[in-house]
Amino acid sequence: MEKKIYFDHSATTPVDKEVLEEMLPYFTEKFGNANSMHMFGQEGAYAVDTARRKIASLLGVAVNEIYFTSGGTEGDNWALKGSAEAFKDRGNKIIISSIEHAAMISTAKQLEKEGFEVVYLPVTDKGLVKEEYLEKVIDNKTILVSVMLANNEIGTIQPIKNLAKIAHEHGALFHTDAVQAMGSIPVNIKDLDVDMLTFSAHKFYGPKGIGVLYIRNGVKPEKLIAGGHQERTMRGGTTNVPSVIGMAKALEIAIRDMDKNYQYVKSLRDEFVRLVESKIPYIVYNGDREKRLPQNANFSFEFIEGESILLRLDLAGIACSSGSACSSGSLEPSHVLLATGLPIEKAHGSIRFSFGKHNTMDEVIYAADKLTEIVSVLRQMSPLFKEIKGETKNV
Ligand code: PLP
C-alpha cells in the first residue's frame, strides 16, 4: 500500500468532520445573506451572531471585539495599514520583528514606500525577540509594535505580554499575529494585554479563507475593506456564513481538546527530533527547544539543498515544507533563518516538519528512516560533503 504522510500542519490542516457537518446546511437550505431582512437572512444572521458569541466567550473577550476577516493575511494587513492610517498624526514609526510572516513584512514594505519608518527587530540565534531590543528602538512617535506570538517556520514563542507592556509604556499600540499559535497553545488575549490579534481557522482544523482580527474596544484602526455595513461597518463584504460557523466549531474543539492534543503532538515531534538527531550527522535543529510550538520541528541539513530533500520525501509519500508555504516557489533562503544568524548555505538546506493530531508514531518512525536514507543518498552526490569527508571530487 502506498503511504501518504502529512507533516505540514503549519501550512494548513484538514477540516474536522464535526466542523464540516455544522457548516453544510449553510451552503444549501440555510443559504440566506446574513444582511437580508427576511427570514432567510435572519437565519444566517442568527447563526453568525451565535458563532461570534461562541468565539468571544472561548477567548474571554467582548463580542464586539471580534471582526471576521478572510484569514490571517487580511487580519495582518488590516492591523498594520489600519493603524498606520488612523494614527499617522501621532508619528510615523512602526516596529515589527524581522521574522514576521510575509503578510506582515510585505505590508510593512508597502508602508515604507508611503513614508512610514519601519524598524525590524532582530532576534537571538533561537529566534527570540528580546525585550531590550524593543526598548532600544521604541519612542513616543511609535504608532504600532507588532510581534508574532509564534513563528511559522521555527515555532519560537515570543514574550508577547512583556513586549506589549513596553509598547504601552510608550503610548504605542500592540498587535500580535497568533495565526500559528491559536488552537495549538493557550492564548489568553486579556492576559497578553494586546490591542489587536490575528488568527485564521485553517490552522486549527477549520475552513480556509476565514479568520478573526480581535480589536480591543476603544482602539479604532482605519478600515481595510470598504463596502457594506457588515462587521459593524468596519469590514465590507457578504459574510461567509458557513465558514464563520465552521471556525467557531473548530475553535471550540481545539480549545476543548487542547491539553490532549498538545501532549500527543509534542510526543510525536519530540520522538521525531530524537530519531533525526541520533541518525543524521551535520544537522542544526533550528529554533528554541523550550519556547516552541508543540507541532514544529525545523532542521538544516548541511551540504545539501532543502528542495532536493523535499522532493524526494514527496516521492516517498511524505509531505513537509521548506520554509513557509507562502515562500515556497521562490529559491530565496528563509528570512527567518537568516535573521537567526544561520549562514545562507545552511538556511538553504532547511526543512520544516509540522505534526498534527491525526499523525501516528508509526508515521514518525517511517519518516525518520526515509529522511535518513534520503539525506545520505544526497550527500553521496554532494561535492561539498565529499570534501569534508576527505574524498576527492571525482570519486
Ligand atoms: N501569519 C502566519 C504566522 C502564518 O503562518 C500564515 C499562514 O501560513 C499567515 C499569517 C497567513 O494566514 P492565511 O493563510 O489565513 O492568510
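Coordinates for the structure precede this section.
Please read all numbers here as calculations on a predicted model, not as lab measurements. (Residues numbered from 1 in each chain as written. Predicted model: local features only at pLDDT ≥ 70, side-chain atom pairs only at ≥ 80, totals over all residues. Heavy atoms only, no water.)

Please provide a residue-by-residue account of the site of the ligand, values included.
Close to the ligand lie 13 residues, the nearest being Thr73, Asp177, Gln180, Ser200 and Lys203. Serine 200 places a polar side-chain atom, nitrogen or oxygen, 2.6 Å from an oxygen atom of the ligand. Contact with the protein chains covers 88% of the free accessible surface of the ligand, which is 390 Å². Class assignment of the residues belonging to the shell around the ligand gives a composition of two nonpolar, eight polar and three charged. (Near = heavy atom within 4 Å. Polar contact = N/O pair within 3.5 Å; in protein donor to acceptor, adjacent residues only side chain to side chain. Areas by Shrake-Rupley, 256 points an atom, 1.4 Å probe, with all protein chains shown as cover. Nonpolar A, V, L, I, M, F, W, Y, C, P; charged D, E, K, R; others polar.)

Which residues make up helix 9 (residues 258-279), and what are the values?
Between the first and last C-alpha of helix 9 there are 31 Å, a value that for 22 residues agrees with the 32 Å anticipated at 1.5 Å per step. If you check which residues of helix 9 are buried, you get Met258, Asn261, Val265, Leu268, Arg269, Phe272, Val273, Leu275 and Val276. Angularly, the buried residues of helix 9 cover 165° about the axis, an arc narrow enough to put them on a single face. Among the exposed residues of helix 9, those oriented more than 90 degrees off its buried face are Asp259, Lys260, Gln263 and Ser278. On its buried side, helix 9 packs onto helix 8 (241-256), strand 9 (283-285), strand 10 (296-301), strand 12 (350-354) and helix 13 (361-380). (Helix = DSSP H or I, 4+ residues; strand = E, 2+ residues; numbered from the N terminus. Expected span 1.5 Å × (residues − 1). Buried < 20%, exposed > 50% of the residue type's maximum accessible area, 1.4 Å probe, protein only. Arc of directions from axis to C-beta. Contact = heavy atoms within 4.5 Å.)

Break down the side chain of histidine 175 for me, citing the residues and quoting the values.
Topologically, histidine 175 is positioned in strand 6 (residues 173-177). When its relative accessible area of 0% is taken as the criterion, histidine 175 is described as buried. Engagement of the side chain of histidine 175 in a polar contact is seen with the side chain of serine 146, the distance being 2.8 Å. A polar side-chain atom of histidine 175 sits 2.7 Å from a polar atom in the side chain of threonine 198. Aside from chain neighbours lying at most four places away, what touches histidine 175 is Asp76, Ala79, Met104, Leu144, Val145, Ser146, Val147, Met196, Leu197, Thr198 and Leu213.

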